[in-house]
Amino acid sequence: MGHELIPLPAFRDNYIWLLAGDKSAIVVDPGDAVPVRMALEQRHLSLAAVLITHHHADHMGGAAALALQYGCPVFGPAGEVIDAVTEPLREGQQADIPQLETCFKVLEIPGHTAGHIAYYGHNIVFCGDTLFSAGCGRLFEGTAAQMCRSLAKLMALPDSTAICCGHEYTVANLRFARALEPGNRDILDYAAEAAELRSRDLPTLPSTLGRERCLNPFLRCGESAVVTAAQRHAGHELHGQIEVFTVIRSWKDTFT
Ligand code: ZN
Ligand code: FE
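Each chain has its residues counted from 1, following the order in which its sequence is written. In the order they appear in the text, chains get letters beginning with A and ligands get numbers beginning with 1. Local features in this predicted model are restricted to residues of pLDDT 70 or higher, and side-chain atom pairs are both shown and tallied only at a pLDDT of 80 or more, whereas totals for entire chains, interfaces and linings draw on every residue. Heavy atoms from the whole structure form the basis of all side-chain values; hydrogens and water molecules are not counted.

**Q** What exactly am I supposed to notice about the coordination of the zinc ion (ligand 1) here?
**A** Here the coordinating atoms are restricted to nitrogen, oxygen and sulfur within 2.8 Å of the metal centre, or 3.2 Å for Na, K and Ca, and because water is not among them the sites may look incomplete. The coordination sphere of the zinc ion (ligand 1), as far as protein atoms go, consists of His 54 (NE2), His 56 (ND1), His 112 (NE2) and Asp 129 (OD), spread over 2.2 to 2.3 Å. For the zinc ion (ligand 1), the four donor atoms are set out with angles of 86 to 170 degrees between them, so the coordination reads as irregular. Ordering the donors of the zinc ion (ligand 1) by residue number gives the pattern H-x1-H-x55-H-x16-D. The two metals, the zinc ion (ligand 1) and the iron ion (ligand 2), are separated by 3.2 Å and share Asp 129 as a common coordinating residue. Residue His 112 is found in the loop between strand E8 (102-108) and strand E9 (117-121), and its partner Asp 129 is found in the loop between strand E10 (124-128) and strand E11 (131-132); the two are separated by 17 residues along the sequence. Here His 112 and Asp 129 have matching classes, each one buried. Just to be clear on the cut-offs, tetrahedral is four donors with all angles between 85 and 135 degrees, square planar is four donors and octahedral six with opposite donors over 155 degrees apart and all others between 65 and 115, and anything else goes down as irregular. Helix and strand labels come from DSSP, where a helix needs a run of H or I of at least four residues and a strand needs a run of E of at least two; each type is numbered from the N terminus. Only protein chains enter the accessibility calculation, which uses a 1.4 Å probe. A residue is then buried if its area is under 20% of the maximum for its type, exposed if over 50%, and partly exposed in between.

Have a look at this one:
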């Protein structure tokens, strides 16, 4: 069965991911029910399931209304309190979606929130606010060490994996990436491509893991250019990838 993967823009810079089969679809992180309803009606699709990565309102605010309207299950992290979730999931479990003849494996990836999960299947990972294109999520409930482990878990997936994240932050993220690695050609090329897409109001996503490995500074904390930039910013020597990550994560928080 052919599947179509569509990012639905919501709020200021969120994406709600729609994966559609012939007759039904799933959505990931519906912060708002309205754009989901419109997309489903337009395409004459029913809703087979809602998948939620973490408890922030911009990712699950529309889940309860959609579940009620379509009578579908809501998968979500077992480690977080989300009223709409009917199927709590842990690492190693999976979200089965028989209507699409598919299933997604759950990866626990704490850091942005304490119970954040990702869904992996179909050569796609829905990673919420953990890995962004050219960036990563803020540490609201987790530690730098946790986030590094979570990113390493995502990095173990194949290069061709489509990265479907929760926000359109690519252009701003690339400005920061470029400040760290001014000599990285992949960053420059992608910055031009991303700016062009955004000027036409098109999404820069999904990215691929192969691309992210080449230019996402948060996946490159062992690269000498990133280490050097982080040390210069910190004003002292750094030891190990977690220290480098810690410095660039807090640097990014105030970078404009
Ligand atoms: Zn979030
Ligand atoms: Fe978010």
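**Q** Explain the packing of aromatic side chains here, please?
**A** The description of two aromatic rings rests on the distance between their centres and on the angle between their planes. Centre distance within 6.5 Å is the pairing criterion for rings of Phe, Tyr and Trp, where only the six-membered ring of Trp is used; planes under 30 degrees apart are then read as stacked, over 60 as edge-to-face, and the remainder as tilted. For the structure on display, the rule yields seven aromatic pairs. For the ring pair Phe 104 and Phe 126, a centre distance of 5.6 Å and an interplane angle of 55 degrees mean the geometry is tilted. Of this pair, Phe 104 sits in strand E8 while Phe 126 sits in strand E10, and the two are 22 residues apart along the sequence. Like Phe 104, the residue Phe 126 is buried in the burial classification. Arranged with centres 5.7 Å apart and planes meeting at 70 degrees, the rings of Phe 218 and Phe 245 form a pair that is edge-to-face. Remark: Phe 245 occurs in helix H9 (residues 241-254) and Phe 218 occurs in the loop between helix H7 (209-215) and helix H8 (224-234); sequence separation between them is 27 residues. Residue Phe 245 is classed as buried on the basis of its relative accessible area, which comes to 0%. Ring pairing ties together the aromatic residues Phe 176, Phe 218, Phe 245, Trp 251 and Phe 255, which thus form one cluster.

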